[in-house]
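# Overview (structure and organization)
So you can see what is in the structure, the chains are spelled out below.
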Amino acid sequence: MSYSWGNLYQAREQRYSLSAREAGLPDVAESSLLAVGQRRSYGDVGVNDGGAVFDSTTLSRFISFDSKQGILRCEAGVTLWEVLQLTVPKGWFLPVTPGTSFVTVGGALANDVHGKNHHGAGSFGCFVRCFELRRSDGEVLECSRLQNADYFAASIGGCGLTGLVTWVEFSLKKIVNPSLEVESIAYSCYADFLSLSAESEQSHEYNVSWIDCLAGGADTGRGVFFRANHIETEFDLDESLARSARSVPAFVGKGFPLVNQLSLMMFNRLYRFQNRNRSSHIEPFGKYFYPLDSLLNWNRIYGRRGFYQFQCVVPVENSLVISEILQEISRSGQGSFLSVLKTMGSVLSPGMISFPRPGVTLALDFPNRQSKTTALLGKLESMVVEANGAIYPAKDAVMSGATFRHCYPRYDEFSKLIDPKFSSGFWRRVSAS
Ligand SMILES: Cc1cc2nc3c(=O)[nH]c(=O)nc-3n(C[C@H](O)[C@H](O)[C@H](O)COP(=O)(O)OP(=O)(O)OC[C@H]3O[C@@H](n4cnc5c(N)ncnc54)[C@H](O)[C@@H]3O)c2cc1C
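A brief structural summary. Remember, it's a predicted structure, so these values are computed and weren't measured experimentally.

Our focus in this paragraph is the site of the ligand. In the neighbourhood of the ligand, 32 residues make up the surrounding shell, with Gly37, Gly106, Gly107, Ala110 and Gly160 lying closest. Sort the elements by how many residues they give to the shell around the ligand and helix 2 (residues 105-110) lands first, with four residues. In terms of residue class, the shell around the ligand is built from 16 nonpolar, 14 polar and two charged.

Turning next to the environment of Gly157. Mapped onto the fold, Gly157 is located in the loop between helix 4 (149-155) and strand 9 (164-171). The class of Gly157 is buried, set by 27 C-beta atoms lying within 10 Å. Sequence separation between Gly157 and Pro393 is 236 residues; the distance between their C-alpha atoms is 9.1 Å. For Gly157, the contacting residues outside a window of four places in its chain are Asn111, Asp112, Gly125, Ser349, Gly351, Ile353, Ser354 and Phe355.

Attention now goes to the sheet that holds strand 9. Across the sheet, five strands lie side by side as 4-5-9-7-8; this open sheet has antiparallel pairing. Bordering the open sheet on either side are strand 4 (62-66) and strand 8 (140-144), each of which pairs with just one other strand. Direction aside, the axes of adjacent strands within the sheet are offset by 10 degrees on average. Relative to strand 5 (residues 71-75), strand 4 runs antiparallel, the two sharing four bridges. Paired with Phe65 across the strands is Leu72, a residue of strand 5.

Counting residues in hydrophobic clusters, the biggest one holds 111 residues, and the most contacted among them are Phe54, Leu109 and Val168. Tallying contributions element by element places strand 17 (residues 307-314) first for this core, with six residues.

Residues other than glycine seldom take positive phi values, yet Asp112 does so here, at roughly 40 degrees. Within the secondary structure, Asp112 is located in the loop between helix 2 and helix 3 (118-121). Given 29 C-beta atoms within a 10 Å radius, Asp112 is considered buried. Within the chain, Asn148 stands out as a residue other than glycine whose phi angle is a positive 45 degrees. Among the structural elements, Asn148 can be located in the loop between strand 8 and helix 4.

Thresholds, definitions, all that
- Residues numbered from 1 in each chain as written.
- Predicted model: local features only at pLDDT ≥ 70, side-chain atom pairs only at ≥ 80, totals over all residues.
- Near = placed C-beta within 6 Å.
- Helix = DSSP H or I, 4+ residues; strand = E, 2+ residues; numbered from the N terminus.
- Nonpolar A, V, L, I, M, F, W, Y, C, P; charged D, E, K, R; others polar.
- Buried ≥ 20, exposed ≤ 12 C-beta atoms within 10 Å, placed from the backbone.
- Contact = placed C-beta atoms within 7 Å.
- Pairing = 2+ DSSP bridges.
- Axes fitted to C-alpha atoms, helices over the stretch in contact; angles between N-to-C directions.
- Core = buried A, V, L, I, M, F, W, Y, C linked by C-beta atoms within 7 Å.

Below you can see the structure in the form of structure tokens.
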């Protein structure tokens, strides 16, 4: 059975474990191939109905770590959490991290993930020095900005369509202490979010905001802004790298009560801060960057039908559309209680079809209510296109081919570099419609 983080698919695919990076791609009967990592992508970028998927999580070895320069080479199936366990004790941190550490380095490259420091650092791809790409015809390409530069650019953010990445070399960020001094500031409207972002981009390395999606009218866009910097004092290693997680029980088909429980937890956290208006405290990095990692399989809370996630970015000059999108969601009564809002900066990704770009980005979940939800997502998609924005493939399950080509104008150039045997549900959808 096929699987994605949004639990939206009942697709059949043949799964193969990769034995060793040196062995390359196994010879398989299926004509459509795709490499996958931890399957933390919400939609169908990592789904290959009727084809083969190569599980790259078995490519889990570190190859080299230069702890003076902060340069790491590891196999593509190593997770970001494993990277942190190796590098934090030596004073190095991930240059960019998404909102979960259960992600492989190969998956981070293929979706060119972004984090709370995009405004200053850019995306993960900006830190990739080189990687190995194995094609289905047996070709092995080492790719960098200078060597096989077209495949380098097509694979970063290329949704796994250019072949199997077996190892990646990337640079890290020097830190004194992985923990963060976090400031939480309640704000009451979208305009306040924009001015807080502009101010915090000058003073803080990491910025993110949670907004209350149920609020309508004058309260549209109210939320809490979290800004943070690493602290600069000695730290307790054991405490910093400790991680405990609880699991959500297997499917019982009664997702909504659990959704409400989780929302309540987040709600309480949100309003505790809001009531205080402004507060400052030290947080372990795991709590700040990965708040949902303590609840394993939290995606099950949406029940058997699963859920959609929507993430868009729109240019700052058109960013008032975010306020209109929020109103549309509030009117529909379908969105999750909390959504994430942040600004993205102007450091350009080397990726040919990368999502991260300057602007304001909004992300939230929608429980799957079938046509009611897809109709709403279609409406939001048109608003994003109209505002000259883009939708994130890693989170998408519905965008049309026309929208994809609009958002990713280097589509034709990219299409020529795809491995002819590689495909995915996502690619078949956006290349057909
Ligand atoms: C709670 C949560 C928070 C998140 N927060 C963020 C965020 O803040 N920012 C952000 O950018 N994303 C975020 N994401 C999305 C996530 O970071 C990406 O979807 C990431 O790519 C998932 O990596 P994975 O290892 O699970 O790869 P998968 O989901 O298994 O695959 C992702 C893509 O990578 C390709 N791929 C995987 N391994 C290889 C390989 N070895 N060779 C070639 N291609 C490969 C696959 O074909 C697929 O197209 C979040 C996801 C979750 C669940």
